[in-house]
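# An overview of the molecular structure
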Amino acid sequence: MLIHPWDAPRSDAEWQQWLAGHDFGQLAVNGLPGEPPHVQPAHFAFESGHGPLGRVITHLARPNPLWPALEADPEVLLSVVDDYVYVPGPWQAPPDTPPEHGVPTSFYAAVQLRCTARVVDDPGEKAELLNRQVAHFQPEGGSAPAAVGEAPFGRMLSGIRALCLEVTGVQAKFKYASHKPQDVQDRIAAGLADRAGPRDAAARDHQLRRR
């Protein structure tokens, strides 16, 4: 992922705070020789307090076809993208330039976590990781905990495998025209506010926050 200096996060806190509110992504696993990569959409929980860069926990069904490739090469990439919008060319036209000369572009936020994966098959550890993930998405509770040999979920543990992904590297990007002249940024912000389409408000918030 190309990251210009003006699109880079201002600090680790910026990408960590954004990632805390974006817990669905695509897990990319290198394919076996002669095969394309596996790309698995998945909910996950990012835990910053584990290791230097944190860890990710998730789980997948045991019949998932990516397991042989993951066991052959545990180096994976988790990609999360959101707050993306299309920016029309006229909004980006430089000062004293005809609007039709402006270059269209995309705004987006993206975090890519390079990780080393550990597959968890121990029933007790699977139950503990599953409960941690559910607690992330349901802090209010309401679901019975998973426990080995206990209803209602104990018998279902054999049908999944858990994943602990130790984060070894991070790339983050917030592409919101931070390098553009002030009046161009004002025009873009006004355009996003007037259009008020899906994700326009989130993109405008990023742009105003980073200017």
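These notes cover the structure that comes with them. Source: prediction; values computed, not measured. Residue positions within a chain follow its written sequence, with the count starting from 1. The model is predicted, so local features are restricted to residues of pLDDT at least 70 and side-chain atom pairs to those at 80 or more, both for listing and for counting; the totals for chains, interfaces and linings are taken over all residues. Heavy atoms from the whole structure form the basis of all side-chain values; hydrogens and water molecules are not counted.

## Here's the deal with the pairing of strand β1 (residues 24-29)
- Paired strands are those between which DSSP finds at least two bridges. A run of DSSP states H or I qualifies as a helix once it reaches four residues; a run of E qualifies as a strand once it reaches two. Both are numbered from the N-terminal end. Bridge count for β1 against strand β2 (residues 38-43) is six bridges, and the pairing is antiparallel. Opposite L27, over in β2, you have Q40 as the bridge partner.
- Here β1 runs beside strand β5 (residues 75-87); their pairing, made up of four bridges, is antiparallel. Paired with L27 across the strands is L78, a residue of β5.

## Side note on the pairing of β5
- Note that β5 and strand β6 (residues 105-120) share eleven bridges and pair antiparallel. In the sheet register, D82 faces β6, and the bridge partner there is A109.

## Remarks on helix α5 (residues 200-210)
- The set of residues buried in α5 consists of D200, A203, H206, Q207 and R210. Relative to the axis of α5, the buried residues are bounded by an arc of 125 degrees and lie together on one face.
- Buried residues along α5 sit in contact with α1 (12-20), β5, β6, β7 (160-175) and α4 (182-195). Each residue is placed in one exposure class: buried if its accessible area under a 1.4 Å probe, protein chains only, is under 20% of its type's maximum, exposed if it is over 50%, and partly exposed if it falls in between. Summarising the geometry, the arc corresponds to the directions from the helix axis toward the C-beta atoms. A contact between two residues is defined here by any heavy atoms of the two lying within 4.5 Å.

## Regarding the layout of surface pockets
- Its boundaries defined by the atoms lining it, the largest pocket holds a volume of some 290 Å³.
- The distinction between a cavity and a pocket rests on a 1 Å grid over the protein atoms alone: a 1.4 Å probe fits inside a cavity but cannot get out, while a pocket stays open yet meets protein on both sides within 12 Å along at least five of seven lines, and a residue with an atom within 4 Å of a point counts as lining. Along its surface, the largest pocket is lined by 14 residues, and L130, V134, A144, A146 and F153 are the ones closest to its centre.
- It is helix α3 (residues 123-137) that contributes the most residues to the lining of the largest pocket, four residues altogether.
- The residue classification treats Ala, Val, Leu, Ile, Met, Phe, Trp, Tyr, Cys and Pro as nonpolar and Asp, Glu, Lys and Arg as charged. All others, Gly included, are polar. Residues that form the lining of the largest pocket fall into these classes: ten nonpolar, four polar and no charged. Grid points are joined across faces, edges and corners, and a volume is the space filled by probe spheres set on the points.

## Side note on the side chain of T58
- Residue placement: T58 occurs in strand β4 (residues 55-61).
- Residues contacting T58, with those up to four places away along its chain left out, are A42, H43, F44, Q133, A162 and L163.

## Concerning unusual backbone geometry
- The peptide bond linking A151 to P152 adopts the cis configuration, its omega dihedral lying at 5 degrees.
- Relative to the assigned elements, P152 resides in the loop between α3 and β7.
- You will see that D83, though not glycine, has its phi angle at about 55 degrees, which is positive.
- Along the chain, the position of D83 falls in strand β5.
- Under the relative-accessibility criterion, D83 is labelled buried at 8%.
- For A177, which is not glycine, the phi torsion reads 60 degrees and is therefore positive.
- Relative to the helices and strands, A177 resides in the loop between β7 and α4.

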